[in-house]
Amino acid sequence: MTTTLIDNIGLLVTNDPSNGDRSVLGIVRDAAMVIGADRVMWVGRRARAPEADSRVDLDRQTVVPGFVDSHSHLIFAADRAEEFVARMAGTPYTAGGISATLIATREASDDTLRLNASRLVAEMASSGTTTVEIKSGYGLTTDDEVRGLAVAHSLTPESTYLGAHVVPIEFQGRRADYVSLVAGSMLDACAPAARWIDVFCDRGAFDVDEARVILQAGIARGLLPRLHAHQLERTGAVQLGVQLDAASVDHCNHMNDADVDALAGSATVATVLPGADFSTRSGYADARRMIDAGVVVALATDCNPGSSYTTSMPFCIAVAVRDMHMTPAEALWSATAGGARALRRDDIGVLAVGKRADFAVIAAPSYVHLAYRPGVALVSATWKSAR
Ligand SMILES: [Zn+2]
């Protein structure tokens, strides 16, 4: 195995409180790292760094764990720019727009879907993302969900079956039949290429009872549950997520005290999606309130053509700080270690010996610049699995 010394790091965020300054971010100044195979082999002050086969000088830039984007919808064709224009002119966002993407996605070839998703994953990597969760859900026939998941699974181990995105138009008036399909033969066909099962549980999509049936069927097939919850209204989906030990409930815009308390006492993460709130001009999820109550909060892009067409975690960090009142440190943690928790992963989101050598190099003296300099491409390099 060859080793590489990542040297002359001005400020290193490890997310390892036992390291560095003992804060949650575990900051080490004047730092270095040795990486080999796909792992971190040594972390510390550069003055004490061991020898390695090769050396990369980062010229005092900042290093942070690679962003973990735990919520995206990348399997689709076409875009919905016109819908965005209408929304900015005052048309409210509804779940119904998903149908427009459905038609284009069903007509698209496998190659078109693969190329589009790959392009978006590359875009994510260029802004520092090293792990991404990808959902199906723009096919909504068994064949289209299977081919969507095949693309997702080829790009990430964190692939999610979202047959329950909306009830497609051909099942209008036959909701129960569609729920049976999603929880039955469509699930059977999709499960081999999925790690997760998700339900869009909200107004215009699926209710809590339907979501429970679908998620329990997925759990019985060995999939792990997560769900879209309380984006448009308070449905009870957050409590359902806690009851089912979902890894994450995502959006969390409409929350009462009981919802927040339930999350705080659970292993379920609240994933907030500032890009969606920004792009739909909705009220922001109250991340401040949840963090203060002891809820573990993750940040993700929700990248999708309808409500949040951004791949940029730095953008989400900036908006989370500006509009969700997270501190820059909290936002960075939520975009890295928080995302890892939302995917129930302990090998990513932290830079410590034995963890994956996944990190982003920030051309700035501190991670704070991610929020302080919004819209500026500060990520100068992204390393995944030590490459
Ligand atoms: Zn989503």
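This structure is a prediction, so every number in the text was calculated from the model and none was measured.

Cut-offs applied
- Starting from 1, residues in each chain are numbered consecutively following that chain's sequence as written.
- The model is predicted, so local features are restricted to residues of pLDDT at least 70 and side-chain atom pairs to those at 80 or more, both for listing and for counting; the totals for chains, interfaces and linings are taken over all residues.
- Note that the side-chain values use all heavy atoms of the structure and ignore hydrogens as well as water.
- Water is absent from the atoms considered, so a metal site may look incomplete; donors are defined as N, O and S atoms within 2.8 Å of the metal, or 3.2 Å for Na, K and Ca.
- All geometry calls rest on donor angles, where a four-donor set with angles between 85 and 135 degrees is tetrahedral, four- and six-donor sets with opposite donors more than 155 degrees apart and all others between 65 and 115 are square planar and octahedral, and all else is irregular.
- Between the N-to-C directions of two axes lies an angle of 0 to 180 degrees, each axis being a line fitted to C-alpha atoms and, for a helix, fitted only over the stretch in contact.
- Numbering of helices and strands runs from the N terminus, with a helix taken as a DSSP run of H or I at least four residues long and a strand as a DSSP run of E at least two residues long.
- Crossing handedness is read from the near helix: turned anticlockwise from the far helix by less than a right angle, it gives a left-handed crossing, and turned clockwise, a right-handed one.
- Here, two residues are considered to be in contact whenever any of their heavy atoms come within 4.5 Å of each other.
- In this classification, the charged set is Asp, Glu, Lys and Arg, the nonpolar set is Ala, Val, Leu, Ile, Met, Phe, Trp, Tyr, Cys and Pro, and all remaining amino acids, among them Gly, are polar.
- Residues belong to one nonpolar core when they are buried, are Ala, Val, Leu, Ile, Met, Phe, Trp, Tyr or Cys, and are joined through side-chain atoms within 4.5 Å.
- Think of it in three bands: with a 1.4 Å probe and only protein chains considered, a residue is buried below 20% of the maximum accessible area for its type, exposed above 50%, and partly exposed in between.
- For two strands to be treated as a pair, DSSP must find at least two bridges joining them.
- Polar contact criterion, stated in full: a pair of N or O atoms within 3.5 Å, where within protein one must be able to donate a hydrogen and the other to accept it, and residues adjacent in sequence count only if both atoms are side-chain atoms.
- By convention in these notes, a salt bridge is any Lys or Arg side-chain nitrogen within 4 Å of a carboxyl oxygen on Asp or Glu.
- Here the term right-handed applies to a crossover when the path leading from its first strand over the helix to its second strand runs clockwise, the strands being oriented away from the viewer.
- A helix's residues, less one, multiplied by 1.5 Å, set its expected span.
- Here the arc refers to the directions that run from the helix axis out to each C-beta atom.

K.L.:
Sorry if this is basic, but what is going on with the coordination of the zinc ion here?
P.N.:
Reference values for coordination geometry: four tetrahedral donors around a metal ideally subtend 109.5 degrees, six octahedral donors ideally subtend 90 or 180 degrees. Every protein donor of the zinc ion is listed here as H71 (NE2), H73 (NE2), H228 (NE2) and D302 (OD), and their distances to the metal cover 2.0 to 2.5 Å. Each of the four donor atoms around the zinc ion contributes to a set of angles spanning 81 to 168 degrees, which defines the coordination as irregular. Donor residues for the zinc ion sit on one chain with the sequence pattern H-x1-H-x154-H-x73-D.

K.L.:
How should I be thinking about the packing of helix α3 (residues 110-126) against helix α4 (residues 142-155) in this particular structure?
P.N.:
Each pair of packed helices gets described by two things: the angle between the helix axes and the distance between those axes. Between α3 and α4, whose axes approach to 10 Å, the crossing angle comes to 35 degrees. Two packed elements cross with a definite hand, and for α3 against α4 that hand is right-handed. Mapping the contact onto sequence places D110, L113, R114, A117, S118 and V121 in α3 and R147, V151 and L155 in α4. Residue composition of the contact of α3 with α4, by class: five nonpolar, one polar and three charged.

K.L.:
How should I be thinking about the nonpolar core in this particular structure?
P.N.:
It is characteristic of soluble globular proteins that their nonpolar side chains tend to be buried jointly. Membership of the largest hydrophobic core comes to 92 residues, with the highest contact counts inside it found for Y161, F206, I214, M290, I317, L332 and Y367. Setting aside residues up to four positions removed in sequence, I317 forms contacts with F67, L299, A331, L332, A335, L370 and A371. Of all hydrophobic cores here, the second largest spans 17 residues; its members include I6, L12, M33 and L58.

K.L.:
How should I be thinking about the sheet that holds strand β12 (residues 248-251) in this particular structure?
P.N.:
In a beta sheet, neighbouring strands pair by backbone hydrogen bonds and run either parallel or antiparallel. Reading across from one edge, β8-β9-β10-β11-β12-β13-β14 is the order of the seven strands in this open sheet, with parallel pairing throughout. Lying at the two open borders of the sheet, with one neighbouring strand each, are β8 (134-135) and β14 (297-299). For strand β13 (residues 269-272) and β14, the ladder comprises three bridges, and the chain directions are parallel. Pairing of A270 across the sheet is with V297, part of β14. Contacts from helix α13 (residues 328-342) reach β10 (196-201), β11 (224-229), β12, β13 and β14 within the one sheet, and its direction differs from that of β14 by about 105 degrees.

K.L.:
Is there a simple way to think about the side chain of T280 in this case?
P.N.:
For T280, the position within the fold is in the loop between α10 (274-279) and α11 (287-292). Judged by its relative accessible area of 7%, T280 falls in the buried class. Of the polar contacts made by the side chain of T280, one reaches the side chain of S282; its length is 2.6 Å. Apart from residues lying up to four places away in sequence, T280 is in contact with R87, Y93 and S307.

K.L.:
I'm lost on the pattern of salt bridges in this one. Help?
P.N.:
Any two side chains of opposite charge can pair, so long as their charged atoms come close to each other. Tallied over the entire structure, the rule returns 31 salt bridges. E233 serves as the salt-bridge partner of R203, at 3.2 Å between the closest nitrogen and oxygen. Of this pair, R203 sits in the loop between β10 and α7 (208-220) while E233 sits in the loop between β11 and α8 (237-243), and the two are 30 residues apart along the sequence. A residue is classified by how much of its surface remains accessible, and R203, at 45% relative accessible area, is partly exposed. Looking at E233, the relative accessible area reads 31%, which means it is partly exposed.

K.L.:
What's the story with the side chain of S159 in this structure? I'm lost.
P.N.:
The residue S159 is located in strand β9 (residues 159-164) in this model. Residue classification places S159 among the buried positions, given a relative accessible area of 0%. Among the polar contacts listed, one links the side chain of S159 to the backbone oxygen of A193, at a separation of 2.6 Å. Excluding anything up to four places from it in sequence, S159 contacts I134, L149, A152, H153, A193, A194, R195 and W196.

K.L.:
Before we go on, may I ask you to explain the pairing of β13 in this structure?
P.N.:
Side-chain direction in a regular strand flips from residue to residue, so the side chains alternate between the two faces of the sheet. Residue alternation in β13 divides its side chains into two sets, V269 and T271 and A270 and V272, and both sets are buried. Examined bridge by bridge, β12 and β13 share three bridges and lie parallel to one another. In the strand pairing of β13, D250 is matched with T271. Traced from β12 through helix α9 (residues 257-264) to β13, the parallel crossover comes out right-handed.

K.L.:
Just checking my understanding: could you explain α3 for this structure?
P.N.:
Every α-helix winds through 3.6 residues per turn, so residues three or four apart in the chain are directed the same way. Over its 17 residues, α3 extends 24 Å from the first C-alpha to the last, a length consistent with the 24 Å expected when each residue adds 1.5 Å. All of the buried residues along α3 are L113, N116, A117, L120 and M124. Down the axis of α3, the sector holding all buried residues measures 90 degrees, keeping them to one side. Exposed side of α3, more than 90 degrees from the buried face: D111 and L115 are the residues found there. At its buried positions, α3 is contacted by β6 (67-69), α2 (98-107), β7 (129-132) and α4. The positive-phi residue at the C-terminal boundary of α3 is G128, with phi of around 100 degrees.

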